[in-house]
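Listed below, chain by chain, are the residues.
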2 protein chains.
Amino acid sequence: MISHTEENYLKAIFKIAEKQHKAVSTNAISKEMQTSAASVTDMLKRLSEKELINYARYKGVSLTEEGKKIATSLIRKHRLWEVFLVEKLNFSWDKVHDIAEELEHIKSEELVEQLDAFLQYPKFDPHGDPIPDAAGNFTFRQQMPLNELAENEEGILVGVREHSSPFLQYLDQLKLSLGTSIRLIEKFDYDNSVKITIAGKQSVMISDKVAHNLLIKKENH
Amino acid sequence: MISHTEENYLKAIFKIAEKQHKAVSTNAISKEMQTSAASVTDMLKRLSEKELINYARYKGVSLTEEGKKIATSLIRKHRLWEVFLVEKLNFSWDKVHDIAEELEHIKSEELVEQLDAFLQYPKFDPHGDPIPDAAGNFTFRQQMPLNELAENEEGILVGVREHSSPFLQYLDQLKLSLGTSIRLIEKFDYDNSVKITIAGKQSVMISDKVAHNLLIKKENH
DNA sequence: AAATATTTTTAGACTAATCTAAAAATTTAT
DNA sequence: ATAAATTTTTAGATTAGTCTAAAAATATTT
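Keep in mind that this is a model prediction, so the values were computed, not measured.

A.B. asks: Outline the packing of helix α1 (residues 4-18) of chain A against helix α2 (residues 26-33) of chain A, listing residues and values.
C.D. replies: Residues and elements named next belong to chain A. Taken N-terminus to C-terminus, the directions of α1 and α2 make an angle of 115 degrees; their axes are 10 Å apart at the nearest point. Remark: the crossing between α1 and α2 carries right-handed chirality. Of the residues in α2, those touching α1 at N8, Y9, A12, I13, K15 and I16 are A28, I29, E32 and M33. For the contact of α1 with α2, a count of residues per class yields seven nonpolar, one polar and two charged.

A.B. asks: Lay out the protein's contact with DNA strand D with the relevant residues and their values.
C.D. replies: Close to DNA strand D lie 21 residues, the nearest being S25, N27 and A38 of chain A together with S3 and A38 of chain B. Elements with a contribution of two residues or more to the surface near DNA strand D: α2 and α3 (37-49) of chain A together with α1 (4-18) and α3 (37-49) of chain B. Among the elements that line the surface near DNA strand D, the one with the most residues is α3 of chain B, at five residues. Among the residues making up the surface near DNA strand D, the classes are represented as seven nonpolar, ten polar and four charged.

A.B. asks: Provide a residue-level description of the relation of the copies chain B and chain A, including the pertinent values.
C.D. replies: The pair of chain copies shares a relation made of a rotation about an axis and a shift along it. The two copies are related by a screw motion: chain B maps onto chain A through a turn of 180 degrees and a shift of 0.0 Å along the axis, at an RMSD of 0.0 Å. Such a combination of rotation and displacement between the chain copies is what one expects of a two-fold axis. Relative to the rotation axis, the C-alpha of L103 of chain B is the closest in chain B, positioned 3.7 Å from it. When you check the interface residues of chain B against chain A, 100% turn up at the interface there too, and the contact is symmetric in its surfaces.

A.B. asks: I'd love a proper account of the protein's contact with DNA strand C, names of residues and values included.
C.D. replies: Surveying the vicinity of DNA strand C reveals 21 residues, the closest of which are S3 and A38 of chain A together with S25, N27 and A38 of chain B. Taken together, the elements giving at least two residues each to the surface near DNA strand C come down to α1 and α3 of chain A together with α2 (26-33) and α3 of chain B. Counting residues per element, the surface near DNA strand C draws most heavily on α3 of chain A, at five residues. Here the residues of the surface near DNA strand C are counted per class, giving seven nonpolar, ten polar and four charged.

A.B. asks: Lay out the interface of chain B and chain A with the relevant residues and their values.
C.D. replies: Taken residue by residue, the interface counts 14 residues in chain B and 14 residues in chain A. At the level of secondary structure, the elements contributing two or more residues to the side of chain B that touches chain A comprise α5 (97-103) and α6 (109-118) of chain B. Ranked by the residues each element gives to the side of chain B that touches chain A, the list is headed by α6 of chain B, at four residues. Among the residues making up the side of chain B that touches chain A, the classes are represented as eight nonpolar, three polar and three charged.

A.B. asks: So what's going on with the sheet that holds strand β8 (residues 214-218) of chain A? Which residues, and what values?
C.D. replies: All names here are of chain A. The sheet built from six strands is open, its strands ordered β3-β8-β4-β5-β6-β7 with antiparallel pairing. With partners counted over all chains shown, the strands left at the sheet margins are β3 (144-145) and β7 (203-206), one partner each. Pairing between strand β5 (residues 181-188) and strand β6 (residues 193-198): six bridges, direction antiparallel. Paired with R183 across the strands is T197, a residue of β6.

A.B. asks: Summarise the domain arrangement of chain A; cite the residues concerned and give the values.
C.D. replies: Under the domain assignment, chain A is made up of domain 1 (4-63), domain 2 (76-140) and domain 3 (144-218). The straight-line distance from the C-alpha centre of domain 1 of chain A to that of domain 2 of chain A is 24 Å.

A.B. asks: Give a detailed account of the sheet that holds strand β8 (residues 214-218) of chain B, specifying residues and quantitative values.
C.D. replies: Judged by pairing direction, the sheet is antiparallel, and its six strands sit side by side in the order β3-β8-β4-β5-β6-β7 (chain B) without closing on themselves. Single-partner strands in this sheet number two, and they are β3 (144-145) and β7 (203-206) of chain B.

A.B. asks: Describe the packing of α1 of chain A against helix α4 (residues 65-87) of chain A, with residues and values.
C.D. replies: Residue and element names in this part refer to chain A. Orientation of α1 relative to α4, taken along the N-to-C sense of each, is 95 degrees, at an axis distance of 9 Å. As summarised for this structure, α1 and α4 are arranged roughly perpendicular, according to the angle between their axes. Contacts between α1 and α4 involve E7, L10, K11 and F14 from the former and G67, K68, I70, A71, L74 and I75 from the latter. Classifying every residue of the contact of α1 with α4 gives six nonpolar, one polar and three charged.

A.B. asks: Can you lay out the nonpolar core for me, pointing to particular residues and giving the numbers?
C.D. replies: The biggest cluster of nonpolar side chains holds 62 residues, and the ones touching the most others in it are L214 of chain A together with L214 of chain B. Non-local contacts of L214 of chain A, meaning those with residues more than four positions away in its chain, are made with P145, L146, L157 and V160 of chain A.

Conventions used here
- Every chain begins its residue count from 1, and numbering advances along the sequence as written.
- Chain letters and ligand numbers both follow the written order, the letters beginning at A and the numbers at 1.
- Only residues with pLDDT of at least 70 get local features here, since the model is predicted, and only at 80 or more are side-chain atom pairs given and counted; chain-wide, interface and lining totals rely on the full set of residues.
- The axes used here are C-alpha line fits, helices contributing only the stretch in contact, and every angle between their N-to-C directions lies in the interval 0 to 180 degrees.
- Every helix listed is a DSSP run of H or I at least four residues long, and every strand listed is a run of E at least two residues long, numbered separately from the N terminus.
- Left-handed describes a crossing whose near helix is turned anticlockwise from the far helix through less than a right angle; right-handed describes the clockwise counterpart.
- Distance between backbone-placed C-beta atoms decides contact: two residues are in contact if it is within 7 Å.
- Each residue is assigned to one of three groups, with Ala, Val, Leu, Ile, Met, Phe, Trp, Tyr, Cys and Pro labelled nonpolar, Asp, Glu, Lys and Arg labelled charged, and all others, Gly among them, labelled polar.
- Residues are classed as near a molecule or strand if the C-beta position derived from their backbone is within 6 Å of it.
- Copies are brought into register by a least-squares superposition over C-alpha atoms of residues with pLDDT of at least 70 in both.
- Only when DSSP finds a minimum of two bridges between them are two strands counted as paired.
- Delimitation of the domains relies on an automatic or database domain assignment.
- Roughly parallel means an angle under 35 degrees; roughly antiparallel, over 145; roughly perpendicular, 65 to 115; everything else is oblique.
- We call a set of buried Ala, Val, Leu, Ile, Met, Phe, Trp, Tyr and Cys residues a nonpolar core when their C-beta atoms link them within 7 Å.
- Remark: C-beta atoms are placed from the backbone, and a residue is labelled buried if 20 or more other C-beta atoms sit within 10 Å of its own, exposed if 12 or fewer do, or partly exposed between those counts.

Below, the structure written as structure tokens:
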């Protein structure tokens, strides 16, 4: 039997491994999990004992196939529940993370599969992140951060790279939601801010940081 | 902050208190929770410390207002999730208990209220048990166990007093579901078994034990 | 009202998950 | 290639929740 906490460590390791090629360090995990490095070491020993990670002292860790399977399943559940909360219970996209964080630990294969069917097999969650299928496969999509668009290029907002409430509420204010089309008008080299038009209407300035966190799919590509 | 386990103890105490007038004993709780009496005593001290129960050594316990509120909220969440599982995810009524047992611990007021609205404010769960409203009030209903019906009296099955899979599957076999009308044809004093007709069609014999666990609402009453 | 039986509590120990502080290993800089 | 800095692990405690076995309190029986 695998505990709630062990599951959270596996998910953290998966998340960190996604963004790099090398072994995942103790410190990276302690930062992600907001715990002490000593606690992480303790947990790594336990996860290694259960053969969910490959671990050698001082060398960092990687997930085993079994560990990867569990982490992927958690991500699948988390994202399906987020879709449920937004589509069926009318939650806004900036309020669903914490609740899904609890729901993802509910243990029932049948529940996940029925929920997936009920939601009509969504491929992406409310933030545009891909939902792995029952076999653990993610759907990939041609996309890039808004700041990488050239001047006068246009695309559709398909995802966000930050999930914090303040960021998402800021996007709501700009009337920026997934599916909205955005054209990059001008880039300012001084601070890398960009001028864009939203849905062919309002033109606004957004910072480098915001542009970096908006994922765009170019039209007919 | 109240833990998962503490919540389960409160619910167990509430459940036992429902069926009797006196203080709830340590042994009754240990039986309900499937733990040792020593563990129960430990937990009672903690719950008493948090003012969720009234506790005096060797005297049994009762819930405080705050404890009652938490227990009722858990029951509300449990039963709403059961409705969701049956009505939206097509689970059968004998499979929902364990999953709801986990879901009831998800902490979010907003989630419960949105779920309630999504389900259109159901008053009863799939086993016919009343769902308390947000204020903690249960809907009462004129009902009695089937074995208390007189010969030739008729009524509608509105609830079951046992939730085990074998019992519910047995009812499925008899084509007995909530809302079905039942007429008591004959009582056999020898073993208290009864002969009934289901929905005016098949007539079958059922044991005292089964009859005891079927809750009937008499027609126009 | 004693004796007996039952229930409840205490004592002491265990595991999972956490912490701080100190030690050990590794990496980086001079 | 040594010294300094950083990272990781170990050592030793703590808390929640659990256990068994023994002691204490209460209830029941004769």
